[in-house]
Amino acid sequence: QVRLVESGGTLVQAGGSLRLSCAASGSTFSLYTMGWFRQAPLHEREFVAAITWTGGTTTYGDSVKGRFTISRDNNKNRVYLQMNNLKAEDTAVYYCAQGPSLDTLSSDPGDFDSWGQGTQVTVSS
């Protein structure tokens, strides 16, 4: 099973930018869709973004469209989340997850079977 480790979370002011990184172990990373989810206190886990195995197709949650960008580097076994124009409501623990194989995109947490431990992003207003 793949091991995922997120990094890059920190305290940032509203309007600022941040890039999260997720490092994956294993040799099959490049064969799977990868996703980012987030969870704020007292809220359900929310889909943020997903990217197919080649990086050719991406999808985003409505609340982050136009502000966040997901990307991946299969040579480095990493997936990234560039977050711009951050808002207080973006405050949450952000999780990286491995999803369906190849070109299958999904926003359903149930389709993602390996998860990292999360990284805290706090946006001050």
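Residues numbered from 1 in each chain as written. Predicted model: local features only at pLDDT ≥ 70, side-chain atom pairs only at ≥ 80, totals over all residues. Heavy atoms only, no water.

(A) Quick look at the overall build of the chain. The secondary structure content of the chain amounts to zero helices and eleven strands. The order of helices and strands in the chain, counted from the N terminus, is β-β-β-β-β-β-β-β-β-β-β. Here the chain has a C-alpha radius of gyration of 13 Å; the compact-globule value for 125 residues is 14 Å, and the two agree. Expressed as lengths along the three principal axes of its C-alpha atoms, the size of the chain is roughly 40 × 25 × 25 Å. For the chain, with 125 residues in total, the buried portion stands at 43%. When the accessible surface of the chain is split by element, carbon and sulfur atoms take 45% of a total near 6200 Å². (Helix = DSSP H or I, 4+ residues; strand = E, 2+ residues; numbered from the N terminus. Rg over C-alpha atoms; globule rule 2.2 N^0.38 Å. Buried < 20%, exposed > 50% of the residue type's maximum accessible area, 1.4 Å probe, protein only. Areas by Shrake-Rupley, 256 points an atom, 1.4 Å probe, with all protein chains shown as cover.)

(B) Representation of the packing of aromatic side chains within the structure. Applying the stated criterion across every chain yields a total of five aromatic pairs. Ring centres 5.6 Å apart and planes at 70 degrees place the aromatic pair F37 and F47 in the edge-to-face group. Of this pair, F37 sits in strand β4 (residues 32-39) while F47 sits in strand β5 (residues 46-51), placing them ten residues apart in sequence. On the accessibility criterion, F37 (0% relative accessible area) is buried. Look at F47 and you get buried, because its relative accessible area is 12%. Taken together, a centroid distance of 5.0 Å and an interplanar angle of 80 degrees make the contact between F37 and F112 edge-to-face. (Phe/Tyr/Trp six-rings, centres within 6.5 Å; stacked < 30°, edge-to-face > 60°.)

(C) Region of interest: the sheet that holds strand β3 (residues 18-24). Pairing is antiparallel in the open sheet, where four strands are placed in the order β1-β3-β8-β7. Each end of this open sheet is capped by a strand with a single partner; those strands are β1 (4-7) and β7 (68-73). Taken pair by pair, the neighbouring strands of this sheet meet at an average axis angle of 15 degrees, ignoring direction. Pairing geometry for β7 and strand β8 (residues 78-83), over six bridges, is antiparallel. Considered in β8, the bridge of T69 is made with Q82. (Pairing = 2+ DSSP bridges. Axes fitted to C-alpha atoms, helices over the stretch in contact; angles between N-to-C directions.)

(D) Quick look at the pattern of salt bridges. Under the defined criterion, the tally for this structure stands at four salt bridges. Across the pair R38 and D90 runs a salt bridge whose closest N-O atoms are separated by 2.9 Å. Of this pair, R38 sits in strand β4 while D90 sits in the loop between β8 and β9 (92-101); the two residues are 52 residues apart in sequence, bridging distant segments of the chain. In this pair, the class of R38 matches that of D90, namely buried. Close ionic contact of D90 with R67 constitutes a salt bridge, the shortest N to O distance being 2.7 Å. With a gap of 23 residues between them, D90 in the loop between β8 and β9 and R67 in the loop between β6 (58-60) and β7 connect regions that are remote in the sequence. Exposure class is identical for D90 and R67. Each is buried. Beyond isolated ion pairs, a larger network of salt bridges with shared partners links R38, E46, R67 and D90. (Salt bridge = Lys/Arg side-chain N within 4 Å of Asp/Glu carboxyl O.)

(E) The state of the cysteines, seen in detail. In this structure the tally under the stated criterion is one disulfide. For C22, the disulfide goes to C96, at an S-S distance of 2.1 Å. Here C22 and C96 share a disulfide; its torsion about the S-S bond, -75 degrees, makes the bridge left-handed. Within this pair, whereas C22 is found in strand β3, its partner C96 is found in strand β9, the two being separated by 74 residues in sequence. Accessibility classification places C22 together with C96 in one group, the buried group. (Disulfide = S-S within 2.5 Å.)

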